[in-house]
Amino acid sequence: MPVSSIIVGMEKINLKLQKLDDNVTIPSYQTEGAAGMDLCAFLKEPVILEPLERKLIPTGLKMELPKGYEAQIRPRSGMAIKHGITLVNCVGTIDEDYRGELCVPVINLSNEEFTILNGDRIAQMVIAPVTKAEIEVVTQLSDTVRGEGGFGSTGINND
């Protein structure tokens, strides 16, 4: 079972990956400064995505995250801008206790069909620490300048 080292600040953690087949591509950082590792499709045959169609694409990997960490699955910007391929849920979260196969829910937002081939880089995975909140129910919140101003309330023209 391969182990990929990940450095968080000065702390080093181990990410345990299980390949479901010898031909599965292990995620990798494409540059020294990359925050995300590319996840690749593991397919027996090409997957054709029609316009507005969504499918779950397997990676052939299972993972064991360290306690207190999550994996964020994000779209690849090149696929999004060049081909209109993104993730159905924008950013997916994989919890530390999930042990199933990593699959990526993709959608074709373009007007043309798109083919995903075995080994194609389909998403990126960012490992991040998790902060859990302790809920405190109160009867009033503190005042701010913004107050209850919502969508567009801090824009230049406020319209």
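I will try to describe carefully the structure that is included in this document. (Residues numbered from 1 in each chain as written. Predicted model: local features only at pLDDT ≥ 70, side-chain atom pairs only at ≥ 80, totals over all residues. Heavy atoms only, no water.)

Focus on the pairing of strand 11 (residues 121–129)
With four bridges connecting them, strand 3 (residues 37–40) and strand 11 associate as antiparallel partners. From the neighbouring strand, Leu 39 faces strand 11, where its bridge partner is Ala 123. Where strand 6 (residues 69–74) lies against strand 11, six bridges are found, and the strand directions are antiparallel. If you follow Glu 70 over to strand 11, its bridge partner there is Ala 128. (Pairing = 2+ DSSP bridges. Helix = DSSP H or I, 4+ residues; strand = E, 2+ residues; numbered from the N terminus.)

Observations concerning the nonpolar core
Core analysis: the largest hydrophobic core is formed by 31 residues, its most contacted members being Met 63, Ile 116, Met 125 and Ile 127. With four residues, strand 11 is the single largest residue contributor to this core. Excluding its chain neighbours within four sequence positions, the residues that come into contact with Met 125 are Leu 15, Pro 27, Ala 35, Gly 36, Met 37, Leu 39, Met 63, Ala 71, Gln 72, Ile 73 and Leu 102. (Core = buried A, V, L, I, M, F, W, Y, C linked by side-chain atoms within 4.5 Å. Buried < 20%, exposed > 50% of the residue type's maximum accessible area, 1.4 Å probe, protein only. Contact = heavy atoms within 4.5 Å.)

Quick look at the layout of surface pockets
Estimates place the volume of the largest pocket at around 160 Å³. Lys 67, Gly 68, Tyr 69, Glu 70, Thr 93, Asp 95, Glu 96, Asp 97, Val 130 and Lys 132 together form the lining of the largest pocket. Class assignment of the residues belonging to the lining of the largest pocket gives a composition of two nonpolar, two polar and six charged. (1 Å grid on protein atoms, 1.4 Å probe; cavity = no way out; pocket = protein on both sides within 12 Å on 5 of 7 lines; lining within 4 Å. Points joined across faces, edges and corners; volume = space filled by probe spheres on them. Nonpolar A, V, L, I, M, F, W, Y, C, P; charged D, E, K, R; others polar.)

Quick word on the side chain of Thr 59
The residue Thr 59 is located in strand 5 (residues 54–64) in this model. At 2.7 Å, the side chain of Thr 59 forms a polar contact with the backbone oxygen of Leu 102. In this view, Thr 59 contacts Val 24, Leu 39, Cys 40, Phe 42, Glu 101, Leu 102 and Val 104; residues no more than four positions away in its chain are not counted. (Polar contact = N/O pair within 3.5 Å; in protein donor to acceptor, adjacent residues only side chain to side chain.)

Observations regarding the environment of Met 125
Summarising the element assignment, Met 125 is placed in strand 11. Separated by 33 residues in sequence, Met 125 and Gly 92 have C-alpha atoms that sit 9.3 Å apart.

Looking at the side chain of Asn 108
With respect to the helices, strands and loops of the structure, Asn 108 is situated in strand 9 (residues 101–108). A relative accessible area of 0% places Asn 108 in the buried class. Among the polar contacts made by the side chain of Asn 108, one reaches the side chain of Ser 110 at a distance of 2.6 Å. For Asn 108, the residues in contact, after removing those within four places along its chain, are Leu 49, Glu 50, Pro 51, Leu 52, Glu 53, His 83, Gly 84, Ile 85, Glu 113 and Phe 114.

With respect to the pairing of strand 9
Here strand 5 runs beside strand 9; their pairing, made up of six bridges, is antiparallel. If you follow Leu 56 over to strand 9, its bridge partner there is Pro 105. With three bridges joining them, strand 7 (residues 85–87) and strand 9 adopt antiparallel strand pairing. Residue pairing for strand 9: Ile 85 is matched across the bridge by Asn 108.

Comments concerning the pattern of salt bridges
Throughout the structure, instances matching the rule amount to four salt bridges. Ionic pairing is found between Asp 38 and Arg 76, a salt bridge with its closest N-O pair at 3.4 Å. Highlighted residues: Asp 38 in strand 3 and Arg 76 in the loop between strand 6 and helix 1 (77–83), separated in sequence by 38 residues. Since its relative accessible area comes to 8%, Asp 38 is described here as buried. Taking relative accessible area as the criterion, Arg 76 reaches 19% and is therefore assigned buried. Asp 38 serves as the salt-bridge partner of Arg 121, at 2.8 Å between the closest nitrogen and oxygen. Placement of the pair is Arg 121 in strand 11 and Asp 38 in strand 3, with a sequence separation of 83 residues. In the salt-bridge network here, residues are joined through shared partners; they are Asp 38, Arg 76 and Arg 121. (Salt bridge = Lys/Arg side-chain N within 4 Å of Asp/Glu carboxyl O.)

Note that every value here comes from positions in space, so none of it alone points to a role or purpose.
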